[in-house]
Amino acid sequence: MSSLPVNVEIYKKIPPMDDIVLDKCSLLQTMGRDDAFFLVSLGDIYQRLSQWRNLLPRVFPFYALKCNNDPEVTKFLADTGIGFDCASKAELVQILDLGVHPSRIVYANPCKPCSHLQFAANNDVDLMTFDDIHELIKVKQYFPKARLLLRIQSNKLHKAKHNFNKKFGCALRSAKRLLVQAKHMHLSVVGVSFHVGSLPEDVTSFSTTICDASLAFKLGEDLGFDMTILDIGGGFPGVDTEHMSFEKVAAVVNTALDTYFPESRGVHIIAEPGRYLATPAFTLAVSVIAKRVVQENFEECSGCHACLDVCECHGAFESVGDDVVRKEEPIRDEAMVRMYYVNDGIYGSFNNVFTDHAIVHPCVLKSSKASSQPGGPSKLHRSILWGPTCDGLDCVMRECLLPDLEVGQSLYFRDMGAYTVTLSCDFNGIPRPLRFYICDDTTWSAIYPNPNQDSYFKCVKADLRKDCLHQLDCLESIPATWSHTTSVPIM
Ligand code: PLP
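Because the structure is predicted, anything quoted here is derived from the model rather than measured. (Residues numbered from 1 in each chain as written. Predicted model: local features only at pLDDT ≥ 70, side-chain atom pairs only at ≥ 80, totals over all residues.)

Thoughts on the overall build of the protein chain
Quick reminder of the rule: We count a stretch as a helix when DSSP gives it H or I for four or more residues in a row; a strand needs E for two or more, and each element gets its number in order from the N terminus. Exposure in this text rests on C-beta crowding, where 20 or more other C-beta atoms within 10 Å of a residue's own make it buried, 12 or fewer make it exposed, and counts in between make it partly exposed. The C-beta atoms are placed from the backbone. We call two residues in contact if the C-beta atoms placed from their backbones are at most 7 Å apart.
Of the regular secondary structure elements, the protein chain holds 17 helices and 21 strands. Going through the 491 residues of the protein chain one by one, you find that 43% of them count as buried. Taking the contacts inside the protein chain whose residues are at least 6 apart along the sequence as the reference set, 73% of them involve residues at least 24 apart.

And the structure:
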């Protein structure tokens, strides 16, 4: 932890979202820019951490960097003292460069390129997952002292939107064979890991897989391995629904842990939450860059005779001799669809619509412009939101209800922190959104109690083990009952 995060605006009280978005839109306007932008709220991340500590006190979080690798967020998370789940050399570099001690990293990719494995070895990142003999062979060659977690498949009784079982994890029936192979190779297996899948459909997938993990643990213990770590992976919801809330997941996990891994067993429990921590922190603001008002099913009826007879817009066009022409009389507003083209799309931050099954919800920025619309801001019209690229697939929302918007007006979308910035590209030369960081001063002073005192950071640099302990002290300021004795990340 060598410096304070930069570029973070500290507020006494975070203003309403509309006000902040409007403020940033005005700022950009004065700079002659009309980029999409993110508002990143560090306080939201801190609230998630507090909730985690309250509801899952036995489980130490290792944030899954793949979910959102924003540098300021990552620095902030590092400064709270939690650990990191890294999946590649670049992710390891990002975290190590922040001064995070290697003991606070799990290299949780069971398929590691040799050069990345070598890098982990050179930098003492020794906790890592495996699920196959071929990985063991590589580990033996490049990092024989690594501490290994056997990744098992999640219990097959349950489904998830992103199920990883086909790609990762060994079946329970293969666990013994793999553990025996590790033993013969004099490698050190220290525990078990799993991932129930991202966006699991059933909270009990955690309990059944924790039960499976305890069987794998027993196999390892019987072979003489010192099994001390259970990694329960990710899959914690980013947005609560009635069916799947963090509270429900935590209750199921706690009961399963108490049943299969009671505290008396002395096992460190860790997890790799991604979307749970990142989702609420990012709000994406976009603006309308172009607009068309078309008749419903416009595409089908752009001139063919057949469509005059069958499509819903029948009546909008008429035949005059051999030509098809638009009827003169005005078309009812209800038959019209407003198409808005906004400055970020599915090749950018809205890739989550395709890759993560996200259903996004637009909020219209309340501005004086909106309230001066004919019919007032409350009249809603059937609308389509297109992204800015030239690709026809680039559609953010195929159907939504919005007030009549003008070019230049802004919309914002909450809960855009998970699998958005890490998966976006600049296809068509559309730039990725700018980012503005905000934080309330209560959160800020909890994490950075003495921002002007250099000594806080100096002591960290002097002794990296103290670093971890110091950060945990810092977390104590969260009003929760986190048990440091069971959750210290140095294992
Ligand atoms: N850990 C591993 C190994 C993963 O592959 C993923 C997501 O793909 C995560 C953690 C994070 O999952 P989530 O965002 O659902 O918490």
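Right, picking up where we left off after that structure.
Remarks on the UniProt feature "modified residue: N6-(pyridoxal phosphate)lysine" (unreviewed entry) in the protein chain
For clarity, the threshold we go by: UniProt positions are given in the numbering used here, feature names are shortened, and annotations may be inferred rather than shown by experiment.
Taken from the UniProt record, the annotation "modified residue: N6-(pyridoxal phosphate)lysine" (unreviewed entry) applies to Lys 66. Within the secondary structure layout, Lys 66 lies in the loop between β3 (59–64) and α3 (71–80). With sequence-adjacent residues up to four places away left out, Lys 66 is seen in contact with Ala 87, Gly 274 and Thr 422.

A short note on the UniProt feature "active site" (unreviewed entry) in the protein chain
Per the UniProt record, the feature "active site" (unreviewed entry) sits at Cys 390. Within the secondary structure, Cys 390 sits in the loop between β18 (381–386) and β19 (395–402). For Cys 390, a count of 9 C-beta atoms within 10 Å translates into the label exposed.

Thoughts on the nonpolar core
Threshold: To count as a nonpolar core, a set of buried Ala, Val, Leu, Ile, Met, Phe, Trp, Tyr and Cys residues must be joined through C-beta atoms within 7 Å.
Core analysis: the biggest nonpolar cluster contains 119 residues, and Tyr 107, Leu 148 and Leu 150 have the highest contact counts within it. Dropping the residues within four chain positions of it, Leu 150 is found in contact with Phe 130, Asp 131, Cys 170, Ala 175, Leu 178, Leu 179, Val 189, Val 192 and Ala 216.

A word on the site of the ligand
Let me state the cut-off plainly: Defining nearness, a residue is near a molecule or strand when the C-beta atom obtained from its backbone falls within 6 Å of it. Ten residue types, Ala, Val, Leu, Ile, Met, Phe, Trp, Tyr, Cys and Pro, are classed as nonpolar, four, Asp, Glu, Lys and Arg, as charged, and the remainder, Gly among them, as polar.
Taken together, 16 residues are adjacent to the ligand, and Ala 64, Ser 198, Gly 234, Glu 272 and Gly 274 come closest. Across the shell around the ligand, the residue classes tally to 6 nonpolar, 6 polar and 4 charged.

Observations regarding helix α4 (residues 89–96)
Worth spelling out the cut-off: The arc in question is traced by the directions running from the helix axis to the C-beta atoms.
Along α4, the residues that are buried comprise Glu 91, Leu 92 and Ile 95. Mapping the buried residues of α4 onto a view down its axis gives an arc of 100 degrees, with all of them on the same face. Turning to α4, the residues buried within the fold contact β4 (83–86), β5 (105–107) and α5 (114–122).

A short note on unusual backbone geometry
Positive phi outside glycine occurs at His 186, with the angle close to 60 degrees. Looking at the element boundaries, His 186 is found in the loop between α7 (172–184) and β9 (188–193). When the 8 C-beta atoms within 10 Å are taken as the criterion, His 186 is described as exposed. The backbone of Tyr 419 sits at a positive phi, close to 55 degrees, despite the residue not being glycine. Its 24 C-beta neighbours within 10 Å are what place Tyr 419 among the buried residues.

Focus on the packing of α7 against helix α8 (residues 204–222)
The test is simple: Between N-to-C directions, angles cover 0 to 180 degrees, with each direction set by a line fitted to C-alpha atoms, over the stretch in contact for helices. Should an angle fall under 35 degrees it is called roughly parallel, over 145 degrees roughly antiparallel, and 65 to 115 degrees roughly perpendicular, with every other angle called oblique. By the definition used in this description, the sense in which the near helix is turned from the far one sets the handedness, with an anticlockwise turn below a right angle giving left-handed and a clockwise turn giving right-handed.
Packing of α7 against α8 leaves a shortest axis separation of 10 Å and a crossing angle of 25 degrees. Accordingly, the angle class assigned to the pair α7 and α8 is roughly parallel. Like other packed secondary-structure pairs, α7 and α8 cross with a definite hand, here right-handed. Of the residues in α8, those touching α7 at Leu 172, Ala 175, Lys 176 and Leu 179 are Asp 212, Leu 215, Ala 216, Leu 219 and Gly 220.

Some points on the environment of Val 324
Within the secondary structure, Val 324 sits in strand β15 (residues 323–326). Each C-alpha atom, one on Val 324 and one on Leu 22, is 45 Å from the other, the two residues being 302 residues apart in sequence.

Observations concerning helix α9 (residues 246–260)
Heads up, the rule is: To estimate how far a helix should reach, multiply one less than its number of residues by 1.5 Å.
Look at α9: 21 Å from first C-alpha to last across 15 residues, which is about the 21 Å you get at 1.5 Å a residue. The set of residues buried in α9 consists of Phe 246, Val 249, Ala 250, Val 253, Ala 256 and Leu 257. Taken around the axis of α9, the buried residues stretch over an arc of 135 degrees, which confines them to a single face. Turned more than 90 degrees off the buried face of α9, the exposed positions are Asp 258 and Thr 259. As for α9, its buried residues are in contact with α2 (42–55), α8, β12 (268–271) and α10 (275–278).

Quick notes on the pairing of strand β7 (residues 147–151)
Defined as follows: What makes two strands pair is DSSP finding at least two bridges between them. With its strands directed away from the observer, a crossover is right-handed exactly when the path from the first strand over the helix to the second travels clockwise.
The element β7 is extensively covered by neighbouring structure, given that 4 of its 5 residues are classed as buried. With 4 bridges joining them, strand β6 (residues 127–130) and β7 adopt parallel strand pairing. Opposite Thr 129, over in β7, you have Leu 149 as the bridge partner. Running through helix α6 (residues 133–142), the crossover from β6 to the neighbouring parallel element β7 is right-handed. With 5 bridges connecting them, β7 and β9 associate as parallel partners. The residue bridging Leu 149 from the neighbouring strand is Gly 191, located in β9.

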